[in-house]
Amino acid sequence: MKFPNKVNPYHDTVVYAMSVVFNALDGPTKVIDLYVKVKSKMQDGILNFQDALSCLYAMGKIGINDREEIFRC
């Protein structure tokens, strides 16, 4: 998990990935559909996406329903 510092620019970090993922959620969305929507903005692709989902879930900003869709809390 990368955080912003002198070596890692903001666009390569999990903080940026979290903002991209959270802003892309406009309603309940399948994980794969969400990834397809944001993958062009991710530098490390699936790794930053996975870290962003983990952090957002741990902070209580997103949830998952019975149909395995991600949604804003």
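Please read all numbers here as calculations on a predicted model, not as lab measurements.

Student: Go over the packing of aromatic side chains, please, and point to the residues and values.
Tutor: Counting across every chain of the model gives one aromatic pair. One Lys or Arg, Arg 72, reaches over the ring of Phe 22 and ends 4.2 Å from the middle of that ring.

Student: Describe the side chain of Asn 8, naming the residues involved and giving the relevant values.
Tutor: With respect to the element layout, Asn 8 can be found in the segment before helix 1 (14-24). In this structure Asn 8 comes out as buried when scored by relative accessible area, which is 18%. Each residue touching Asn 8, except ones within four places of it in the same chain, is listed here: Lys 2, Phe 3 and Thr 13.

About the thresholds
- Just so you know, the residues in each chain are numbered from 1, in the order the chain's sequence is written.
- Totals for whole chains, interfaces and linings use every residue, but because this is a predicted model, local features are given only for residues with pLDDT of at least 70 and side-chain atom pairs only at 80 or more, for both listing and counting.
- The basis for every side-chain value is the complete set of non-hydrogen atoms in the structure, without hydrogens or water.
- Any pair of Phe, Tyr and Trp rings, taking the six-membered ring for Trp, is counted once the centres come within 6.5 Å. Such a pair is stacked with planes under 30 degrees apart, edge-to-face with planes over 60 apart, and tilted for the rest.
- Placement of a charge over a ring requires the Lys NZ or Arg CZ to be within 6 Å of the ring centre, with the centre-to-atom vector within 35 degrees of the ring normal.
- A helix here means a DSSP run of H or I that spans at least four residues, while a strand means a run of E at least two residues long, and both kinds are numbered starting from the N terminus.
- When accessible area is computed with a 1.4 Å probe and restricted to protein chains, residues below 20% of their type maximum are described as buried, those above 50% as exposed, and intermediate ones as partly exposed.
- Only heavy atoms enter the contact rule, under which two residues are in contact if any of them lie within 4.5 Å.

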